[in-house]
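# Examining the three-dimensional arrangement
The lines below spell out each chain.
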Amino acid sequence: MAQLNCPPCTPCAATCIEHQPTQTCEAPQVQKPRKERTYFYALQEIRNQIKSNRWGHETSYDNPFHVHKDPPPPCPDSMELKTSPVGLPASDPPCYLPQRTGNSDVHPLSKPMGPIGPWATGRVDWGALSGQTGTRPVVDRYSITRYSVDEWRQRNADTIDACASTVTKSEKIEHDSRNTIIRTYAITDKNQADCTQSLHGRAKTIDDMKSELERAIKAMQDEISTLEEQRRRLKQSLAVLRMPEAIATECLERRTGRPDTELIRDRPEEELIREIALIAEIRSILLKTLSEIESQQVQNRAARQRMEFDWSDKKMAHENDAINCNLTNKSTITLFRPGATRCPSEQSTKIYWEKFSKETLAMCATCRMQSHALRNTLDAILMNAARDLRSQADSVERALADRISCMEEVRQKLEIDLLTTLQRLADTEIQIDKLKVAIRNMDHAMKVVQTRLDNRNQRPRVENCRDQSQLLLIAEVKSIEEGLSAMNAQLRQEEEVKNELMNRRGELEKEIMMKRRTIAIDRDRCQLLRSHFPSATALSGY
């Protein structure tokens, strides 16, 4: 029974050439007959046996991932080695291998190679160092001998051992290659699945951000449209504002055409001046607001453009990642791309990407909030401006109405006074005529009394006395003269009153004429112009 030098359970027990069976000293070994086969076929049989024991449960090499995990059959605790590793009896090596009595590594040469006979007269200097420079083989006239049979057998054994070692190493490397292929394919599939899942997650993140950008772009577009409508409303309000300014200016210019005595700073003129000042102040505020709206509109469009660029980039990135997610090993559009693993200098990081996207959305939200606040401010400005203008317009109209009413009262009073004056003038003229008639009638009485006195003065001597009748006649003359003087004085007064009444009539007529002219300016011109004053809705820009 032959015993192995290595444990019999190891996989190499049946194939290792170095583990040669050794004979025990206790029992003689029965030599088995040698099988007639060449060493090549024996080595091929060993190789097939190794393959059948090691990979008997594997599938074809075309599918390296399909490997049965059944363990190989266990090695028995002891094995009987009937033949040598090459299939020959263990006790008798083949003829082309070193013999036990010959020259080999195990059994050294007993003597060096010598001459064949006396006929081989060559110099014998070949030995174990025949492979080195400076030695010569044994040479005679028949042949040249370089190696001995033992050296030839030893060379055969070394070649077979080297071949067996190389075959074993090749099989080991082949097994390692299969394991490497399986492990590499598994790792590649796992990494590819992880990358695909990561690409799906990244594509979803980009799509979510793209959706947020779409909503923000729509909101910004609505805000731009709304702000543009407010801008047009503001410009319409500025255009409408020219009308009340023209009305107020026209009213002031028309009121400058009043007569000299009516050129007073009355309440309507003060209200008109306040209205013009209010319109100028409102115009400056509206122009400033219009400038702010245009500037805000530029910022809004810039924010929208930035979001649109960002959305376009994210759309391209999403489409790129969607294509990458659908790529597999069977895809027909995959190519070798040298340098694809290089990171471009302009490539951003994930943190910067998130920061940039959030900054874009935050900037959009800030612009939208500013635009919304500006629109609210514009609404308040237009509403307050319309209210103030309408309030001031009402004040002007009330002042004009009060002034016209006052002027109507004055005109009516002057017309009444004129009528009274005319009546008194007529009465005065009648009275003057009466006084003149009365004065003329007093001439008859004066003539009578003077005639009497003259006749009495024609009495003779003593008869011409100053009697009571004479005194009464003198007194009558005096009385008549006094009456005439009084009537003449009264006549003069009547004349003076008549002149005054005539002057007053002229003044009244002039004043009435100026009042009527002033009333015509305020009522027929100013109030007619004020009737075209725009409403609060028009002033608000609608």
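Residues numbered from 1 in each chain as written. Predicted model: local features only at pLDDT ≥ 70, side-chain atom pairs only at ≥ 80, totals over all residues. Heavy atoms only, no water.

### So, the overall build of the protein chain
Keep this limit in mind: Under the DSSP-based scheme used, a helix requires at least four consecutive residues in state H or I and a strand at least two consecutive residues in state E, with every element numbered from the N terminus. The buried label goes to any residue with under 20% of its type's maximum accessible area, the exposed label to any with over 50%, and the partly exposed label to all in between, with areas taken from a 1.4 Å probe on protein chains only. What makes two residues a contact is simply this: any of their non-hydrogen atoms within 4.5 Å. Where accessible areas are quoted, they stem from the Shrake-Rupley method and a 1.4 Å probe; at the residue level, only the protein chains shown are allowed to cover.
For the protein chain, the count of helices and strands is 6 helices and 2 strands. For the protein chain, the proportion of its 542 residues judged to be buried stands at 30%. Long-range pairs, those at least 24 residues apart, make up 80% of the contacts in the protein chain between residues at least 6 apart in sequence. A total accessible area of about 35800 Å² is found for the protein chain, and carbon and sulfur atoms account for 55% of it.

### A word on the packing of aromatic side chains
For clarity, the threshold we go by: Stacked, tilted and edge-to-face are the three classes assigned to paired rings of Phe, Tyr and Trp, where Trp is represented by its six-membered ring and a pair needs centres within 6.5 Å; plane angles under 30 degrees give stacked, over 60 edge-to-face, the rest tilted. Note on geometry: a ring has a charge over it if NZ (lysine) or CZ (arginine) is within 6 Å of the ring centre and within 35 degrees of the ring normal.
On inspection of all chains with the given rule, the structure shows 1 aromatic pair. One Lys or Arg, Arg202, reaches over the ring of Trp353 and ends 3.9 Å from the middle of that ring.

### Focus: the pattern of salt bridges
As a reminder of what qualifies: We define a salt bridge as a contact between a side-chain nitrogen of Lys or Arg and a carboxyl oxygen of Asp or Glu at a distance within 4 Å.
Taken as a whole and judged by the stated rule, the model has 40 salt bridges. Here Glu262 ties to Arg403 by a salt bridge, and the two come within 4.0 Å at their closest N and O atoms. With a gap of 141 residues between them, Glu262 in the loop between α2 (149–255) and α3 (267–326) and Arg403 in helix α4 (residues 350–457) connect regions that are remote in the sequence. Of the charged contacts, one joins Glu429 and Lys498 as a salt bridge, the two residues approaching to 3.7 Å between their closest N and O atoms. Taken together, the residues Glu429 in helix α4 and Lys498 in helix α5 (residues 468–530) connect sequence positions 69 residues apart. The class for Glu429 is partly exposed, based on a relative accessible area of 32%. Among the ionic contacts, a cluster of salt bridges with common partners joins Arg255, Arg258, Glu262, Asp266, Glu269, Arg403, Glu511, Lys515 and Asp522.

### What to know about the packing of α2 against α3
Note the threshold: What counts as an axis is a line fitted to C-alpha atoms, over the stretch in contact for a helix, and the angles between N-to-C directions run from 0 to 180 degrees. These descriptions rest on fixed angle ranges, namely under 35 degrees for roughly parallel, over 145 for roughly antiparallel, 65 to 115 for roughly perpendicular, and the rest for oblique. A crossing counts as left-handed when the near helix is turned anticlockwise from the far one by less than a right angle, and as right-handed when that turn is clockwise. Just so you know the grouping, Ala, Val, Leu, Ile, Met, Phe, Trp, Tyr, Cys and Pro go in nonpolar, Asp, Glu, Lys and Arg go in charged, and all remaining residues, Gly too, go in polar.
Look at α2 against α3: their axes get within 6 Å of each other, and the N-to-C directions meet at 165°. In this view, α2 runs roughly antiparallel relative to α3, as classed from their interaxial angle. Crossing angle aside, the handedness with which α2 passes α3 is left-handed. A per-class count over the contact of α2 with α3 returns 32 nonpolar, 11 polar and 21 charged.

### Some words on the environment of Leu361
With respect to the element layout, Leu361 can be found in helix α4. For Leu361 and Met307, which are 54 residues apart along the polypeptide, the C-alpha to C-alpha distance reads 7.7 Å.

### Things to note about the environment of Met502
Here Met502 lies in helix α5. For Met502, a relative accessible area of 33% corresponds to the partly exposed category.

### Quick word on the packing of α3 against α4
The geometry of α3 relative to α4 is characterised by a closest axis approach of 9 Å and an angle of 165° between their N-to-C directions. Taken as axis vectors, α3 and α4 run roughly antiparallel relative to one another. Of the two elements, α3 crosses α4, and the hand of that crossing is left-handed. In terms of residue class, the contact of α3 with α4 is made up of 25 nonpolar, 10 polar and 13 charged.

### Brief notes about the layout of surface pockets
Selection criterion: Grid points spaced at 1 Å over the protein atoms alone were grouped into cavities, where a 1.4 Å probe fits but cannot get out, and pockets, open sets with protein on both sides within 12 Å along at least five of seven lines, with lining residues defined by an atom within 4 Å of a point. Grid points are joined across faces, edges and corners, and a volume is the space filled by probe spheres set on the points.
Estimates place the volume of the second largest pocket at around 630 Å³. Lining of the second largest pocket is provided by 17 residues; of these, Arg202, Gln347, Ser348, Thr349 and Trp353 occupy positions nearest its centre. Listed by contribution, the elements that provide at least two residues to the lining of the second largest pocket are α2, α3 and α4. With 5 residues, the top contributor of residues to the lining of the second largest pocket is α3. When the residues that make up the lining of the second largest pocket are grouped by side-chain class, the tally is 7 nonpolar, 3 polar and 7 charged.

### A closer look at the nonpolar core
Heads up, the rule is: Residues enter a nonpolar core if they are buried and are Ala, Val, Leu, Ile, Met, Phe, Trp, Tyr or Cys, with the set joined through side-chain atoms within 4.5 Å.
Membership of the largest hydrophobic core comes to 30 residues, with the highest contact counts inside it found for Leu234, Ile282, Leu286 and Leu389. Of all the secondary structure elements, the ones that give two or more residues to this core are α2, α3, α4 and α5. For this core, the element with the most residues is α4, which contributes 10 residues. Those residues in contact with Leu286 that lie beyond four places of it in its chain are Leu234, Ser237, Leu238, Leu241, Ile381 and Leu382. Met209, Ala216, Ile217 and Trp353 belong to the second-largest nonpolar core, a separate cluster that totals 13 residues.

### Side note on the side chain of Asn300
Tracing the chain through its elements places Asn300 in helix α3. Classification of Asn300 as buried rests on a relative accessible area of 0%. Not counting the four nearest positions on each side in its chain, Asn300 is found in contact with Met220, Ile224, Leu227, Cys367 and Ser371.

### Some words on the side chain of Gln296
Examined against the element boundaries, Gln296 turns out to sit in helix α3. Take Gln296: its relative accessible area is 7%, and that puts it in the buried class.

### Structural notes on the state of the cysteines
Note the following rule: Note that a disulfide, as used here, is simply two cysteine sulfur atoms within 2.5 Å.
Counted by the stated rule, this structure contains 0 disulfides. Cys526 carries a free sulfur, and the closest cysteine sulfur to it, the one in Cys251, is 4.1 Å from it. For Cys526, a relative accessible area of 0% puts it in the buried group.

### Here we look at the confidence of the model for the protein chain
The following threshold applies: Confidence of the predictor at the level of single residues is given by pLDDT, which spans 0 to 100.
Here the protein chain averages 79 in pLDDT, and 75% of its residues register 70 or above. Taken together, the stretch residues 53–88 has pLDDT below 50 and engages in 54 contacts with residues farther than four places along the chain or on a different chain. For residues 119–126, every residue scores under 50 in pLDDT, and the model assigns this stretch 25 contacts once sequence neighbours within four places are set aside.

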